[in-house]
Amino acid sequence: MARRTRTSTLSVVLTLAAACLLAQLALTPLSAAFISPRAEQTNVEVPAVLGALAALGTSLPAQASYNWVGPLTGSEICSTKPIVWLIYPLCDPVFLVSPIYLFPITLIVFGSLVTVLNLLIPATQPDEDLR
């Protein structure tokens, strides 16, 4: 008897799954079942060109009034390739506008200031009893 209830339960579940599948197929239009073809796009290049011009336009003010001279400008160390990648802002200060060089410099400056303040002000040091 227990076997008969399992079989009837399985048949009910399979019948319900088939009914759901048929309802889904009946309610979904045939054209939406497949990937629709791409619509023909015109003037796709225009937004790309505008985006590129906007990105280039942000760097123009930094180089428009460029008459900065760094402390190492014109020296021989500014032409030695492996070293110059680390000291570009000293050779050409326009690189200070670049986040690639500005972030590490800012991190070093603020990190050293915080460290010095933590050493000078005893209230910022951790409590010995809490260790």
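Residues numbered from 1 in each chain as written. Predicted model: local features only at pLDDT ≥ 70, side-chain atom pairs only at ≥ 80, totals over all residues. Heavy atoms only, no water.

1. Some thoughts on the overall build of the chain
Within the chain one finds four helices and zero strands. The order of helices and strands in the chain, counted from the N terminus, is α-α-α-α. Counting every position in the chain, which comprises 131 residues, the buried fraction comes to 9%. Counted over contacts in the chain with a minimum sequence separation of 6, partners at least 24 positions apart contribute 24%. Per element, the accessible surface of the chain, about 11700 Å² overall, is 71% carbon and sulfur. (Helix = DSSP H or I, 4+ residues; strand = E, 2+ residues; numbered from the N terminus. Buried < 20%, exposed > 50% of the residue type's maximum accessible area, 1.4 Å probe, protein only. Contact = heavy atoms within 4.5 Å. Areas by Shrake-Rupley, 256 points an atom, 1.4 Å probe, with all protein chains shown as cover.)

2. Focus on the confidence of the model for the chain
In this model, the chain carries an average pLDDT of 79, and 79% of its residues clear a pLDDT of 70 or more. Mean pLDDT values over the elements of the chain span from 73, in helix H2 (residues 45–64), up to 88, in helix H4 (residues 99–120). (pLDDT = per-residue confidence, 0-100.)

3. Concerning the environment of Ser75
Mapping Ser75 onto the fold places it in the loop between H2 and helix H3 (81–91). A sequence separation of 16 residues divides Ser75 from Cys91, and the C-alpha atoms of the two residues are 8.0 Å apart.

4. Observations regarding the nonpolar core
Within the largest apolar cluster, six residues are counted, these being Cys78, Val84, Ile87, Tyr88, Cys91 and Tyr101. Among the elements that line this core, the one with the most residues is H3, at four residues. (Core = buried A, V, L, I, M, F, W, Y, C linked by side-chain atoms within 4.5 Å.)

5. Overview of the environment of Trp68
Within the secondary structure, Trp68 sits in the loop between H2 and H3. Counting along the chain gives 26 residues from Trp68 to Val94, while the straight-line C-alpha distance between them is 7.5 Å.

6. Section: a nonpolar patch on the surface
Judged by side-chain polarity, Leu96, Leu102, Ile105, Val109, Phe110 and Leu113 come together as a nonpolar surface patch covering roughly 500 Å² of accessible area. Within the fold, Leu96 resides in the loop between H3 and H4. Given the relative accessible area of 36%, Leu96 is considered partly exposed. (Patch = residues over 30% accessible without salt bridge, like charges linked within 9 Å, V, L, I, M, F, W, Y side chains within 5 Å. Salt bridge = Lys/Arg side-chain N within 4 Å of Asp/Glu carboxyl O.)

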